[in-house]
Amino acid sequence: MALSVIVLAVVTSLHLIAFVFAVGAERRRSIATVVPDEYDDRTYCVYTTDASLVYGLTAFGLLLISQAVVNGVTRCLCFGKGLVTGSSSTTCAIFFFVVSWISFLGAEACLLAGSARNAYHTKYRGFFQEEDLSCATLRKGVFAAAAALTLLSLAATILYYWAHARADTGGWQKHQNEGIGLATQPQQQQQTGEFQKP
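The shown structure was predicted, so the numbers you read here are calculated from the model rather than taken from an experiment. (Residues numbered from 1 in each chain as written. Predicted model: local features only at pLDDT ≥ 70, side-chain atom pairs only at ≥ 80, totals over all residues. Heavy atoms only, no water.)

Draft legend 1. How the structure looks around the overall build of the protein. Secondary structure summary: the protein contains 5 helices and 3 strands in total. Written out in order from the N terminus, the α and β elements of the protein read α-β-β-α-α-β-α-α. The 198 residues of the protein split such that 33% are buried. The long-range fraction of contacts in the protein, counting pairs at least 24 apart against all pairs at least 6 apart in sequence, stands at 81%. (Helix = DSSP H or I, 4+ residues; strand = E, 2+ residues; numbered from the N terminus. Buried < 20%, exposed > 50% of the residue type's maximum accessible area, 1.4 Å probe, protein only. Contact = heavy atoms within 4.5 Å.)

Structure (structure tokens):
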């Protein structure tokens, strides 16, 4: 399998766009302020924009598409026609395949958990007299971790695809002792021909 520039461009573009959305989600996290209720003695939380939810889920989807593209092309390392056994390219392909999946799953977990937590809004905080109560907000750094893991996933995915392209045999395996097999073939045909004569 030859290295495809189109596949590299698609995977790189999707990862970089997902990175931008993850950074945007970190910057647009919901912030809550406590506001007194005008009708009773309770306070409630007022949240800012929910843009992080949209950004986080968009980055989640883009990463998922990118991982599906590269694993569809390489047939997920397991279902291909074969890799050259014992070569350094095969070892690198396996190593970067594992790193790619670990960083991908970590980024997806951060994006999904961050989006879900950012979407959770506490309605009421409590009574005026109670203290040490706070509105539920997403902790800072969850989407930033997702952005970092997205870049790590990009690097590992590109290196995995490159190593897989170098190690892929394309279904052709070099056979040993090919010359001996060809030299003995006429003798075998002669012997079988003698046995078939009445």
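Draft legend 2. Structural context of the UniProt feature "transmembrane region" (unreviewed entry) in the protein. In the numbering used here, UniProt assigns the "transmembrane region" (unreviewed entry) feature to residues 46–70, 82–104 and 142–163. Taken as a whole, residues 46–70 contains 80% helix and 8% strand, while its terminal C-alpha atoms sit 43 Å from one another. This span, residues 142–163, is 100% helix and 0% strand, and a straight line between its end C-alpha atoms measures 31 Å. (UniProt positions renumbered as here; feature names shortened; annotations may be inferred.)

Draft legend 3. Region of the structure containing the environment of Ala119. In this fold, Ala119 is placed in helix α3 (residues 88–119). The spacing of Ala119 and Leu53 is 66 residues in sequence and 6.3 Å in space, taken between C-alpha atoms.

Draft legend 4. Structural context of the packing of helix α1 (residues 5–27) against helix α4 (residues 142–167). For the pair α1 and α4, interaxial distance at closest approach is 8 Å and the crossing angle is 170 degrees. With respect to each other, α1 and α4 are oriented roughly antiparallel. Touching Val7, Leu8, Val11, Thr12, His15, Leu16, Ala18, Phe19, Ala22, Val23, Ala25 and Glu26 of α1 are Val142, Phe143, Ala144, Ala147, Thr150, Leu151, Ser153, Leu154, Thr157, Ile158 and Tyr161, all from α4. The residue makeup of the contact of α1 with α4, split by class, is 17 nonpolar, 5 polar and 1 charged. (Axes fitted to C-alpha atoms, helices over the stretch in contact; angles between N-to-C directions. Parallel < 35°, antiparallel > 145°, perpendicular 65-115°, else oblique. Nonpolar A, V, L, I, M, F, W, Y, C, P; charged D, E, K, R; others polar.)

Draft legend 5. Here's a closer look at the side chain of Arg29. Counting through the fold element by element, Arg29 comes out in the loop between α1 and β1 (32–36). In contact with Arg29, other than residues within four places in its own chain, are Thr48, Ser52, Asn118, Leu138, Arg139, Lys140 and Phe143.

Draft legend 6. Representation of the pairing of β1 in the model. As defined by bridge partners, β1 adjoins strand β2 (residues 42–47) across 5 bridges and the pair is classed as antiparallel. Looking at the pairing, Pro36 lines up with Thr43 of β2. Where β1 hands over to β2, the hairpin turn is made up of 5 residues, counted between the paired strands. (Pairing = 2+ DSSP bridges.)

Draft legend 7. Representation of the pattern of salt bridges within the structure. Applying the stated rule across the entire model yields 1 salt bridge. Note that Arg29 is salt-bridged to Glu26, the shortest N-O span being 3.5 Å. (Salt bridge = Lys/Arg side-chain N within 4 Å of Asp/Glu carboxyl O.)

Draft legend 8. The arrangement of the environment of Asp168 in detail. Looking at the secondary structure, you find Asp168 in the loop between α4 and α5 (178–196). Judged by its relative accessible area of 17%, Asp168 falls in the buried class. Counting along the chain gives 83 residues from Asp168 to Thr85, while the straight-line C-alpha distance between them is 9.7 Å.

Draft legend 9. Here's a closer look at the packing of aromatic side chains. On inspection of all chains with the given rule, the structure shows 5 aromatic pairs. Note on Phe21 and Tyr55: the rings are 5.7 Å apart at their centroids and 55 degrees apart in plane angle, and the pair reads as tilted. Placement of the pair is Phe21 in helix α1 and Tyr55 in helix α2 (residues 51–73), with a sequence separation of 34 residues. Given the relative accessible area of 26%, Tyr55 is considered partly exposed. Taking 5.4 Å as the distance between ring centres and 90 degrees as the angle between the ring planes, the aromatic pair formed by Trp101 and Phe104 counts as edge-to-face. Linking Trp101 with Phe104, this pair stays in helix α3, spanning 3 residues, or about one helical turn. (Phe/Tyr/Trp six-rings, centres within 6.5 Å; stacked < 30°, edge-to-face > 60°.)

Draft legend 10. Layout of a nonpolar patch on the surface. A cluster of nonpolar side chains, Leu3, Leu159 and Trp162, forms an exposed patch at the surface whose accessible area comes to about 260 Å². Turning to its location among the elements, Trp162 is positioned in helix α4. You can call Trp162 partly exposed: its relative accessible area is 41%. (Patch = residues over 30% accessible without salt bridge, like charges linked within 9 Å, V, L, I, M, F, W, Y side chains within 5 Å. Areas by Shrake-Rupley, 256 points an atom, 1.4 Å probe, with all protein chains shown as cover.)

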